[in-house]
Amino acid sequence: MRSPGAAGQAAGSALSESDQQVVNRLQARDRVVRAHESAHMAAGSGLITHGASFTYETGPDGKRYAVGGEVGIDVSQGRTPEETLARAERIRAAALAPTDPSAQDRQVASQADRMAMEARMEMSSAEPSGDAPDNEISANASGPAASYAAIASASAGSGSRVDTYA
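Residues numbered from 1 in each chain as written. Predicted model: local features only at pLDDT ≥ 70, side-chain atom pairs only at ≥ 80, totals over all residues. Heavy atoms only, no water.

Draft legend 1. Region of the structure containing the overall build of the protein chain. Along its length, the protein chain carries 6 helices and 3 strands. Secondary structure elements in the protein chain, listed N-terminal to C-terminal, are α-α-β-β-α-α-α-α-β. With 166 residues in all, the protein chain has 27% of them scored as buried. The long-range fraction of contacts in the protein chain, counting pairs at least 24 apart against all pairs at least 6 apart in sequence, stands at 63%. Split by element, the accessible area of the protein chain, about 10,100 Å² in all, is 52% carbon and sulfur. (Helix = DSSP H or I, 4+ residues; strand = E, 2+ residues; numbered from the N terminus. Buried < 20%, exposed > 50% of the residue type's maximum accessible area, 1.4 Å probe, protein only. Contact = heavy atoms within 4.5 Å. Areas by Shrake-Rupley, 256 points an atom, 1.4 Å probe, with all protein chains shown as cover.)

If you want it as structure tokens, here you go:
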């Protein structure tokens, strides 16, 4: 009669030492990838367009291990410059949430930084200064907020949004 532990040892010994090292490496990578994508999802609450999707590699033990992944993040602008600024800050935080951001994560954060800068420029141009308007949009009596509202209303009906993967 075999003990329950003997069956587990027999199954574990079916792999060669090099195969077991490959399995150990894949298990470690799987943990890192899942933690990375979980960090994006936790920090990007409300901006996530779909949960993590993974790329898998099958190990010598026949099991699949995550070796890559992505999370969809909505990087569309808000209806107002203030909303856009807040969204940009949340997008940046979600992109850089993992302890080891990838090149794609840094690219999304950079895109969020540009979006924030543009929103700040819109906000500062909307402040009354007594100076002559510098551009046609600020010369418009309805101002930048109306431009954002027009864009938001035009895209609201079409369901438009921009997804970026981090």
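Draft legend 2. Summary view of the nonpolar core. Core analysis: the largest hydrophobic core is formed by 14 residues, its most contacted members being Ile 73 and Ile 91. Put simply, the parts of the chain that give this core at least two residues each are helix H3 (81-95) and helix H4 (103-126). Non-local contacts of Ile 91, meaning those with residues more than four positions away in its chain, are made with Leu 47, Ile 73, Asp 74, Val 75, Val 108, Ala 112 and Met 115. (Core = buried A, V, L, I, M, F, W, Y, C linked by side-chain atoms within 4.5 Å.)

Draft legend 3. Geometry of the pattern of salt bridges. Here the structure, examined in full by the defined rule, presents 5 salt bridges. Taking the shortest distance from any N to any O, the salt bridge between Arg 92 and Asp 113 comes out at 2.8 Å. Placement of Arg 92 in helix H3 and of Asp 113 in helix H4 is noted, with a sequence separation of 21 residues between them. Accessibility expressed as a relative area gives 37% for Asp 113, which makes it partly exposed. (Salt bridge = Lys/Arg side-chain N within 4 Å of Asp/Glu carboxyl O.)

Draft legend 4. The pairing of strand S2 (residues 64-74), seen in detail. As paired elements, strand S1 (residues 48-58) and S2 share 8 bridges and run antiparallel to each other. Note that in S2 the partner of Glu 57 across the bridge is Tyr 65. Counting the residues in the hairpin turn of S1 and S2 gives 5 residues, including Gly 62, whose phi is positive at 85°. (Pairing = 2+ DSSP bridges.)

Draft legend 5. How the structure looks around H4. The first and last C-alpha atoms of H4 sit 35 Å apart over 24 residues, in line with the 34 Å expected at 1.5 Å per residue. Every buried residue of H4 is accounted for by Asp 105, Val 108, Ala 109, Ala 112, Met 115, Ala 116 and Ala 119. (Expected span 1.5 Å × (residues − 1).)

Draft legend 6. Up close: the packing of aromatic side chains. Enumeration according to the criterion identifies 1 aromatic pair in this entry. The residue whose ring lies beneath Arg 34 is Phe 54, and the NZ or CZ to ring-centre distance is 4.7 Å. (Phe/Tyr/Trp six-rings, centres within 6.5 Å; stacked < 30°, edge-to-face > 60°. Lys NZ or Arg CZ within 6 Å of the ring centre and 35° of its normal.)

Draft legend 7. Representation of H3 within the structure. Its 15 residues place the ends of H3 21 Å apart at the C-alpha level, agreeing with the 21 Å of an ideal helix rising 1.5 Å per residue. The complete set of buried residues in H3 reads Pro 81, Thr 84, Leu 85, Arg 87, Ala 88, Ile 91, Ala 94 and Ala 95.

Draft legend 8. Just the side chain of Ser 76, in detail. Within the secondary structure, Ser 76 is located in the loop between S2 and H3. Here the side chain of Ser 76 touches Asp 74 through a polar contact of 2.7 Å, side chain to side chain. (Polar contact = N/O pair within 3.5 Å; in protein donor to acceptor, adjacent residues only side chain to side chain.)

Draft legend 9. Local environment of the environment of Ile 73. Along the chain, the position of Ile 73 falls in strand S2. Here the alpha-carbon distance between Ile 73 and Gly 46, two residues 27 residues apart in the chain, equals 9.1 Å.

Draft legend 10. Structural context of the confidence of the model for the protein chain. Averaged over all residues, the pLDDT of the protein chain equals 80, while 69% of them reach at least 70. Mean pLDDT across the elements of the protein chain bottoms out in helix H5 (residues 136-139) (42) and peaks in helix H2 (residues 17-43) (97). Across residues 1-11, where pLDDT falls below 50, the model places 1 contact with residues more than four positions away in sequence or in other chains. (pLDDT = per-residue confidence, 0-100.)

Draft legend 11. Layout of the packing of H3 against H4. Following both chains from N to C, one finds H3 and H4 inclined at 160°, their axes separated by 8 Å at the closest point. With respect to each other, H3 and H4 are oriented roughly antiparallel. As H3 packs across H4, the resulting crossing turns out to be left-handed. Note on element contacts: H4 touches H3 through Asp 105, Val 108, Ala 109, Ala 112, Asp 113, Met 115, Ala 116, Ala 119, Arg 120, Glu 122 and Met 123, opposite Pro 81, Glu 82, Thr 84, Leu 85, Arg 87, Ala 88, Glu 89, Ile 91, Arg 92 and Ala 95. Its residues placed into classes, the contact of H3 with H4 shows 12 nonpolar, 1 polar and 8 charged. (Axes fitted to C-alpha atoms, helices over the stretch in contact; angles between N-to-C directions. Parallel < 35°, antiparallel > 145°, perpendicular 65-115°, else oblique. Left-handed = near helix turned anticlockwise from the far one by under 90°. Nonpolar A, V, L, I, M, F, W, Y, C, P; charged D, E, K, R; others polar.)

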